[in-house]
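Letter by letter, the chains look like this.
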Amino acid sequence: MRLTRAACDSKYLTDALIFAAKFHLLYCSFAMTAKSHSRNHSKPKPGRLRAIARAELPTRYGRFTIYGFQGRGSQEEAVALVRGNLQGKAAPLVRVHSQCLTGDVLTSLRCDCRAQLELSLKKIREAPSGILLYLPQEGRGIGLMNKLRAYQLQDGGMDTVEANESLGFAADARDYDFSAKILKELGVTKIRLLSNNPEKVRQLERAGIRVVERVPCQPRVSKISRGYMQTKKTKMGHLLDGI
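So, a few notes on the structure that sits alongside this text. Keep in mind that this is a model prediction, so the values were computed, not measured.

What counts and what doesn't
- Numbering of residues starts from 1 in each chain and follows the order in which that chain's sequence is written.
- Residue-level local features of this predicted model are given only where pLDDT is at least 70; pairs of side-chain atoms are given and counted only at 80 or more, and the full residue set underlies all totals for whole chains, interfaces and linings.
- Heavy atoms throughout the structure, all of them, feed into the side-chain values; hydrogens and water do not.
- By nonpolar core we mean a set of buried residues, namely Ala, Val, Leu, Ile, Met, Phe, Trp, Tyr and Cys, connected to one another through side-chain atoms within 4.5 Å.
- Only protein chains enter the accessibility calculation, which uses a 1.4 Å probe; a residue is then buried when its area is under 20% of its type maximum, exposed when over 50%, and partly exposed in between.
- Helix numbers and strand numbers start at the N terminus; a helix is a DSSP run of H or I with at least 4 residues, a strand a run of E with at least 2.
- Residue contacts are counted whenever heavy atoms from the two residues lie within 4.5 Å of one another.
- Any two strands with at least two DSSP-identified bridges between them are counted as paired.
- Structural elements are reduced to axes, namely lines fitted to C-alpha atoms, with helices fitted over the stretch in contact, and the angle between N-to-C directions of any two is expressed from 0 to 180 degrees.

1. Some thoughts on the nonpolar core
Point 1. Ranked by internal contacts, the top residues of the largest apolar core, which has 26 residues, are Ile131, Leu186 and Ile191.
Point 2. Of all the elements in the fold, those that place two or more residues in this core are strand E2 (62–70), strand E3 (77–84), strand E4 (93–98), strand E5 (129–135), helix H7 (177–185), strand E6 (190–194) and helix H8 (198–206).
Point 3. When residues in this core are grouped by element, the largest group, four residues, is from H7.
Point 4. When sequence neighbours within four positions are dropped, the list of residues in contact with isoleucine 131 reads Ala80, Leu81, Val82, Leu86, Leu93, Val94, Arg95, Ile124, Leu183, Leu186 and Val188.
Point 5. Counting twelve residues, the second-largest nonpolar core is a separate cluster that includes Phe64, Leu117, Leu132 and Val215.

Right, here's the structure in full:
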């Protein structure tokens, strides 16, 4: 049967529309599959610990490999400075250090944080292997602004524990489960821990890290920080000699 020009044009138009519809459906199907694949395979699952970066870090305490780790949210971020063979015969020397802007960076004498950080790096340099974990746990877990509010209360006569509790926080709100996950990610389940804090030992062991030795981390105490150190010893159970 011979089609008229109008009929032919109509047929071609219909075929073109059918083709376009099929192409559109195919494209949408492909796009949804690609998006699903990207969501399921390219992106990490929520809450999964992952190493974000690794680089060499020369310091005045020696050369380290620095890692960036991330878990769930801003509180589950940490830096790990690693030195030596972590799978050697001796358990690595580990310091789990809470960020202290006022001490570590601004050299405040209200606390012993910077002195502990520097002592830890020196001891790790001298050990066969070691790790320094640096965590965003400002003010023993209450955050920078609340720590400054606590400072203001301490200027009015409170000690560090009373100030934290007056603001509605625990004396020490830190949690070390994320630290334990990072150590395991680095292949470490047995450590020598640089710490004066028995609670840190208990939490790490509860999370599956065997602390074979607690190594004191007690630098010289300044006259200004002595009262702070006495509070940590008497109210928080820190193991401090001569305080």
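2. With respect to the environment of glutamine 152
Point 1. Here glutamine 152 shows up in helix H5 (residues 144–155).
Point 2. The sequence separation of glutamine 152 and alanine 163 amounts to eleven residues, and the corresponding C-alpha distance is 8.6 Å.

3. Some thoughts on the sheet that holds E4
Point 1. The strand order across the open sheet built from seven strands is E1-E2-E3-E5-E4-E6-E7, with neighbouring strands paired in mixed fashion. Each of the sheet's edge strands pairs with one partner strand only, and the pair in question is strand E1 (50–59) and strand E7 (210–215). Within the sheet, the average angular offset between the axes of one strand and its neighbour, ignoring direction, is 25°.
Point 2. Sheet analysis places E2 next to E3, joined by six bridges and oriented antiparallel. Within E3, the position partnered with threonine 65 by the bridge is valine 82.
Point 3. Of the strands in this sheet, E2, E3, E4, E5 and E6 touch H7, which is tilted by about 145° from E5.

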